Amino acid sequence: MKITVRVWRQKKAQSAGRFVEYPVEGANPDMSFLEMLDVLNEGLVKKGEEPVHFDSDCREGICGTCSCVINGEAHGPESRVTTCQTYMRSFKDGDTITVEPFRAKAFPLIKDLVVDRTAFDRIIQAGGFISVNTGAAPEANSIPVPKHASDLSMDAAACIGCGACVASCKNASASLFVAAKIAHLNLLPHGKPEKDRRALAMIQAMDAEGFGGCSVTGSCEAVCPKGIPISFISRMNRDYMVAALKMRE
Amino acid sequence: MNSFWKLVTSSVGKKLVMGITGTVLFAFVVVHMIGNLQVFLGRDAINHYAEFLQTNAELLWPTRIILAVCVVLHIFTGASLTLENRSKRGVAYDVKKIVGASLVSRTMFISGSIILCFIVYHILHFTTGTTNPEFMALKDAHGRHDVYRIILAGFANPWAAGFYVLGVGLLGFHLSHGVRALCETLGLRLENYAACIDRTAIVVAWILFLGFASVPVAVVLQVVR
Ligand code: HEM
Ligand code: FES
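Every value quoted in this text rests on a predicted model; they were computed, and no experiment measured them.

**Q** Just checking my understanding: could you explain the overall build of chain A for this structure?
**A** A count of helical and extended segments in chain A gives eight helices and seven strands. Within chain A, contacts between residues separated by at least 24 positions form 69% of all contacts whose residues are at least 6 apart in sequence. Put simply, chain A shows about 10,900 Å² of open surface, and 52% of that area lies on carbon and sulfur atoms. Separation of charge centres in chain A, based on 29 positive and 29 negative side chains, amounts to 5 Å.

**Q** Help me understand the interface of chain B and chain A in this model?
**A** Frequently, the measure chosen for interface size is the accessible area removed from exposure when the parts meet. At the interface, 40 residues of chain B touch 52 residues of chain A. Carbon and sulfur atoms supply 52% of the area buried between chain B and chain A, which totals about 3,900 Å² over both sides. Among the salt bridges present, the one from A:Glu73 reaches B:Lys97, with a minimum N-O distance of 3.1 Å. Mapped onto the side of chain B that touches chain A, the elements with two or more residues apiece are α1 (4-8), α2 (11-36), α5 (103-106) and α8 (158-185) of chain B. A per-element tally of the side of chain B that touches chain A places α8(B) first, with six residues. Residues belonging to the side of chain B that touches chain A are distributed by class as follows: 15 nonpolar, 13 polar and twelve charged.

**Q** When you look at the sheet that holds strand β5 (residues 96-100) of chain A in this model, what are you seeing that I'm missing?
**A** The strands that make up a sheet pair up through hydrogen bonds in the backbone, lying either parallel or antiparallel. All names here are of chain A. Taken together, the five strands give an open sheet; going across it, the order is β2-β1-β5-β3-β4, and neighbouring strands pair in mixed fashion. The open sheet has two edge strands, β2 (18-24) and β4 (73-74), and neither has a second partner. Bridge count for strand β3 (residues 69-70) against β4 is two bridges, and the pairing is antiparallel. Residue Val-69 lies in a different strand from β4, and its bridge partner there is Ala-74.

Rules used in this analysis
Residues numbered from 1 in each chain as written. Chains lettered and ligands numbered in written order. Predicted model: local features only at pLDDT ≥ 70, side-chain atom pairs only at ≥ 80, totals over all residues. Heavy atoms only, no water. Helix = DSSP H or I, 4+ residues; strand = E, 2+ residues; numbered from the N terminus. Contact = heavy atoms within 4.5 Å. Areas by Shrake-Rupley, 256 points an atom, 1.4 Å probe, with all protein chains shown as cover. Lys, Arg positive; Asp, Glu negative; His and termini not counted. Charge placed at Lys NZ, Arg CZ, Asp CG, Glu CD. Buried area = accessible area lost by both parts, 1.4 Å probe. Salt bridge = Lys/Arg side-chain N within 4 Å of Asp/Glu carboxyl O. Nonpolar A, V, L, I, M, F, W, Y, C, P; charged D, E, K, R; others polar. Pairing = 2+ DSSP bridges.

In structure tokens, the structure reads:
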């Protein structure tokens with residue numbers, strides 16, 4: 001396959017960025033999108049040019065590190081996949097592919113396609129945990145978990161924190177991420193003691209990091225590689241309302 | 001410690017304000033539509049209904065005040081959310097494909113603003129009679145305020161009828177997303193209900209549009225005369 005990659009190049013946060021077009025000769029349809037970028041970078045290194053910086057880690061769709069917007073869609077044209085699971089067969093020979101970093105004020109750009117997503121870590125620190133004593137594993141049956149609650153909690157726990165919801169939302173809102181993390185813990189008995197505090201603290205942290213609010217457009221669920229539905233955002237709003245009405249925290 | 005103010009001015013808190021005020025306004029438009037449809041029952045029915053509303057000042061004024069407060073809160077909070085949300089992207093995308101998000105969900109502020117213009121005109125037209133002072137003098141055989149003839153006279157002007165249809169069309173548009181969004185905001189649109197709520201919102205929006213629009217259309221087509 002012969003394709004042209006039109007990619008955002010920016011040296012560092014403070015410098016001005018621009019799009020640069022690179023022809024990529026050695027791509028084939030079975031390569032993942034990141035492997036195609038590897039081919040591009042090998043060529044650049046051979047020519048003594050600076051390679052295109054991008055994030056990746058597991059390359060199997062579970063770590064959520066690979067962040068970029070491909071032809072205007074977070075994680076590229078296919079649904080329910082990450083960038084590392086996007087294959088070149090989704091593109092046509094001769095295509096020009098525009099690759100941009102995730103854009104959000106809360107995700108400041110570091111270099112080229114790499115953005116700083118530590119805002120998500122700080123939201124988790126605000127309440128995305130449960131307080132238990134460490135030590136020997138407790139008796140498994142001492143806390144019964146209803147099946148529907150564990151199923152739903154596991155659906156929420158599928159969130160890999162990639163940030164595609166933020167990249168795609170017109171408000172750069174992190175609501176889907178935060179909702180998934182809150183639901184994951186609030187649905188389980190283990191998360192109940194801190195349920196109210198968690199909902200309030202994580203939503204406050206989300207606002208403080210500079211993410212927008214939810215307008216219920218649904219573009220986050222459409223690009224989510226794990227197919228997490230926005231009904232979890234409704235659940236988050238409910239938890240927030242209940243916590244606010246109790247006014248204890 | 002969270003103060004009440006801090007809780008209602010968070011992003012979710014503001015949405016709750018939108019959702020609650022939106023629900024009150026939605027409930028009002030449903031009742032208003034049902035009231036309007038009495039025009040099809042004839043002059044006596046709707047004039048009687050209008051008299052019933054206007055002679056109960058103890059009900060009329062609290063309702064008006066609650067509605068006015070909701071409208072003001074809805075607009076201010078909506079404007080504040082819209083401005084805040086628009087500022088969060090930073091650098092714009094060069095190529096942006098819209099996935100998943102409907103047109104109506106992305107243009108709530110625009111549809112809302114036109115609805116606001118319509119509401120102002122509508123009140124000046126039919127409630128205060130500022131645009132047409134002669135309307136307020138109309139009385140029927142029982143000496144009642146002749147709402148039936150006001151409607152006929154009001155929609156005799158095809159521009160007024162056209163703007164009315166446009167206004168209620170945008171109201172339906174706003175609510176085709178609004179009803180779904182308010183369920184989401186108020187924590188009702190959970191897994192099993194989501195699809196049903198989304199479909200119901202669209203059906204409800206159509207019913208409201210057709211119910212409201214049927215009155216001026218019937219006058220223009222002289223079905224009601
Ligand atoms: C009778 C008139 C109106 C009704 C029945 C109505 C109803 C609603 C409802 C039910 C919602 C959804 C609330 C939620 O997301 O929880 C909504 C959202 C909204 N409305 Fe209205 N509305 C009306 C007039 C207006 C006006 C006059 C404006 C502003 C000029 C406006 C601006 C908005 C905006 C911006 C949103 C979306 C907020 C967001 O999600 O970011 N609406 N409306
Ligand atoms: S690199 Fe881990 S999800 Fe793509």
